[in-house]
Every structure is written in structure tokens, then in C-alpha cells.
Amino acid sequence: MTKTTSSDAGIDSLVEEAVETLRTFELTEYEAKCFVALARLREGTAKEVSEVADVPRARIYDSMDTLQDRGLVSVQESKPRRFRAVSPRESVELLEQECRSRLDTLGAVLPRLGSPDRSSSAGEVWTMEGETAVSERLATLVGDADDEVLLAVAVDALLGDDLIDALDDAVDRDVEVVIGSPDGAIRERLTDAVDGAEVVETWTWWDAVPIDAGAVTSVCMVDGNALLVSADATTDLPGVRKHRAIWTDSAEAPVVGMMRPLLASAIRGD
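Structural notes, computed from the coordinates. Quick caveat: nothing in here was measured; it's all calculated off a predicted structure.

The next subject is the layout of surface pockets. The space that makes up the largest pocket amounts to roughly 240 Å³. Every residue lining the largest pocket is counted, 14 residues in all, and those nearest its centre are Ala 18, Leu 22, Phe 35, Val 36 and Ser 91. At the level of elements, α1 (6–23), α2 (29–41) and α5 (88–109) are the ones that each hand at least two residues to the lining of the largest pocket. A breakdown of the residues in the lining of the largest pocket according to their chemical character gives 10 nonpolar, 3 polar and 1 charged. Computed from the structure, the second largest pocket encloses a volume of approximately 180 Å³. Together, Asp 12, Val 15, Glu 16, Val 19, Glu 20, Glu 29, Lys 33, Val 36, Ala 37, Arg 40, Val 52 and Ala 53 line the second largest pocket. A per-class count over the lining of the second largest pocket returns 6 nonpolar, no polar and 6 charged.

Rendered as C-alpha cells:
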């Protein structure tokens, strides 16, 4: 009986992970297994690939044809035919290019699908929950800014990389960015990370740091139109809390008119 070593188990785990990841790029299970096997061999015959990949030999050739069409495999027309995998770096770059091309196509097509006769849901307010979702929505709103971003934030957890990058990019576009926080550590981080933004101390929605349970966690207004307000909310699970937010990208929403002067006063002193 062949004894399985920890090293063998580790390789098997890596092979399985690579195969499953490749399948997300629209490779069949056989195609993914063949490519991984060939990557391990670097080059080989159909018989060798079949043995390493544990794929029926009858399926090797059609799998290799597909992999060749996608630029992942080269074929040597010898007897027997030999196959060679591109390098790991080249394979990742090829798959990345495919993804980028599809995303570019989607980005061009989706905006053309909206009906010009349908109303834009003016004045509607939307809800969302989850720390990551709230942070990403903040980043999206800031990314759409043309003139002004007013942001008050009291929890570091919402300051994800995407939001920091969006604030920094807004400054680079000559958007006026003013950020207020009651937390000195947050102000210091934002001053260092978003060069050119005005960072100020504000306590309008808070009494202490760390903030009290259930308090507002962020308020953001962009160009005087789009607005997001998030808060720390309890859940049905004991001791578990999450961020919930309301947001709108319409100046016609009544909450925008109410919050605009309060936010301007809180972090700009208007």
C-alpha cells in the first residue's frame, strides 16, 4: 500500500484549488485538470497528461484544443503530439486580459440598456446594511463627486481602501473634500492618507469616542445632492452589531434638504 505523505497532501490541495479557480474562468473540469497537470509537467504527451491529470485519454485532445485556442497551451505536431503550457505568469496575464475585455464590454453595454422613457426614481431613499457594503457605497458616491465632498465619520472600520482611494482621487480632480471626525486617530489617518483634504474635529452626532452603541457612524454628502447616513445597529444575535445605512443620489429627497445645512455647519462651520 502506498503511503500518502503530508507533502503529497499539500500538493493535492494546491492542485484542487488551482482547478477550482480555473473553472471560474469558464474552463471545464477536464480542461482545468489538463492545464494544471501540464503546468506541473511543463510539457508532455497526451498519455503523460492523462496520467497526471486523472482525465480519460480520449478527452485530452479536445481539452488541449480548447486550451490552445485560449492561448494557454502550445502544441508540437510530432508523433506523438506534445503539449506545452505557457508559464504561470503568462497564464495569469492571459486570463486577466480576458476578464478586462469582458468587463470593458459590460461597461459599454449596460449604460445603453436604460430606457430613456423611464423616470429616474427622483427623491427615492434606499437602505443597505453591512460594513463592507456601506464603505463601498461611500466610495461610489465620492467617486462620482464633481465639486464637493462633505464627510463625517466616527469609526475606522468604514474607511476601507476603496473609500480612501476615492477621497484621494477626488482631491486630485480638484473636488473640495472636507472630512470631520470626533476621533483623533481617524483625523490623523485621513490627514496622512488624503493629501489636500481639509480634516477637522466635529462632535455634532457624538458624545464620546469610541462612539456609543446605536450612534451614527458616518454622514456623507456629495455635491449637495447625494447623501448617505449610516448607524451602528443591533441584530438578533447577542453582542453582534452591524452598520445600516440610508442613501439617495437625488437632491429631491427631503432628507437631503434637511441634512445639507446641518452637515455643512458640523464640519465646515458654515
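Let us now look at the packing of α2 against helix α4 (residues 60–69). Between α2 and α4, the least distance of the axes is 9 Å, while the angle of their chain directions is 80 degrees. The angle between α2 and α4 falls in the class roughly perpendicular. Across the interface between the two elements, Tyr 30, Glu 31, Cys 34, Phe 35 and Leu 38 from α2 touch Ile 60, Ser 63, Met 64, Thr 66 and Leu 67 from α4. Partitioned by chemical class, the residues of the contact of α2 with α4 number 7 nonpolar, 2 polar and 1 charged.

This paragraph deals with the nonpolar core. Ranked by size, the top nonpolar core spans 54 residues in total, and within it Val 149, Leu 167, Val 177, Leu 190, Trp 205 and Val 219 carry the most contacts. If one sorts the elements of this core by residue count, helix α9 (residues 254–268) sits on top with 7 residues. For Val 219, the contacting residues outside a window of four places in its chain are Leu 150, Leu 151, Ala 152, Trp 205, Leu 227, Leu 228, Val 229, Met 259 and Leu 263. Core analysis: the second largest hydrophobic core is formed by 22 residues, Leu 22, Phe 35, Ala 37 and Leu 67 among them.

Okay, a nonpolar patch on the surface next. A cluster of nonpolar side chains, Leu 103, Leu 106, Val 109, Leu 110 and Leu 113, forms an exposed patch at the surface whose accessible area comes to about 480 Å². With respect to the helices and strands, Leu 103 occurs in helix α5.

Here we take up the pattern of salt bridges. Enumeration according to the criterion identifies 15 salt bridges in this entry. Its salt-bridge partner being Arg 102, residue Glu 26 comes within 3.3 Å of it at the nearest N-O pair. Here the residue Glu 26 occupies a position in the loop between α1 and α2, and Arg 102 occupies one in helix α5, the gap between them amounting to 76 residues. Owing to a relative accessible area of 40%, Arg 102 belongs among the partly exposed residues under this scheme. Salt bridges linked by common partners bring Glu 26, Arg 70, Glu 98 and Arg 102 together as one network.

On to the side chain of Ser 181. If you trace the backbone, Ser 181 turns up in strand β6 (residues 176–181). Each residue touching Ser 181, except ones within four places of it in the same chain, is listed here: Val 153, Ala 154, Ile 186, Arg 187, Val 200, Glu 201 and Thr 202.

With that settled, consider helix α7 (residues 161–172). The terminal C-alpha atoms of α7, which comprises 12 residues, lie 16 Å apart, in line with the 16 Å expected from a rise of 1.5 Å per residue. Those residues of α7 that fall on the buried side of the exposure criterion are Leu 163, Ile 164, Ala 166, Leu 167, Ala 170 and Val 171. Down the axis of α7, the smallest arc covering the buried residues is 160 degrees, so these residues share one side. Seen from the open side of α7, the exposed residues pointing more than 90 degrees away from its buried face are Asp 161 and Asp 172.

Right, let's talk about the packing of aromatic side chains for a bit. In this structure the tally under the stated criterion is 2 aromatic pairs. With a centroid separation of 5.7 Å and 65 degrees between ring planes, the pair formed by Trp 205 and Trp 206 is classed as edge-to-face.

So, about the pairing of strand β3 (residues 82–85). Burial of β3 is one-sided: the residues Phe 83 and Ala 85 facing one way are buried, the residues Arg 82 and Arg 84 facing the other way are not. Inspection of the sheet shows strand β1 (residues 43–45) paired to β3 by 3 bridges, in the antiparallel sense. Bridging from a neighbouring strand, Glu 43 pairs with Arg 84 of β3. Here strand β2 (residues 73–76) pairs with β3 via 4 bridges, running antiparallel. Its bridge partner being in β3, Ser 74 is matched across the sheet by Arg 84. The antiparallel hairpin formed by β2 and β3 contains 5 residues in its connecting segment.

The rules we used
Residues numbered from 1 in each chain as written. Predicted model: local features only at pLDDT ≥ 70, side-chain atom pairs only at ≥ 80, totals over all residues. Heavy atoms only, no water. 1 Å grid on protein atoms, 1.4 Å probe; cavity = no way out; pocket = protein on both sides within 12 Å on 5 of 7 lines; lining within 4 Å. Points joined across faces, edges and corners; volume = space filled by probe spheres on them. Helix = DSSP H or I, 4+ residues; strand = E, 2+ residues; numbered from the N terminus. Nonpolar A, V, L, I, M, F, W, Y, C, P; charged D, E, K, R; others polar. Axes fitted to C-alpha atoms, helices over the stretch in contact; angles between N-to-C directions. Parallel < 35°, antiparallel > 145°, perpendicular 65-115°, else oblique. Contact = heavy atoms within 4.5 Å. Core = buried A, V, L, I, M, F, W, Y, C linked by side-chain atoms within 4.5 Å. Buried < 20%, exposed > 50% of the residue type's maximum accessible area, 1.4 Å probe, protein only. Patch = residues over 30% accessible without salt bridge, like charges linked within 9 Å, V, L, I, M, F, W, Y side chains within 5 Å. Areas by Shrake-Rupley, 256 points an atom, 1.4 Å probe, with all protein chains shown as cover. Salt bridge = Lys/Arg side-chain N within 4 Å of Asp/Glu carboxyl O. Expected span 1.5 Å × (residues − 1). Arc of directions from axis to C-beta. Phe/Tyr/Trp six-rings, centres within 6.5 Å; stacked < 30°, edge-to-face > 60°. Pairing = 2+ DSSP bridges.

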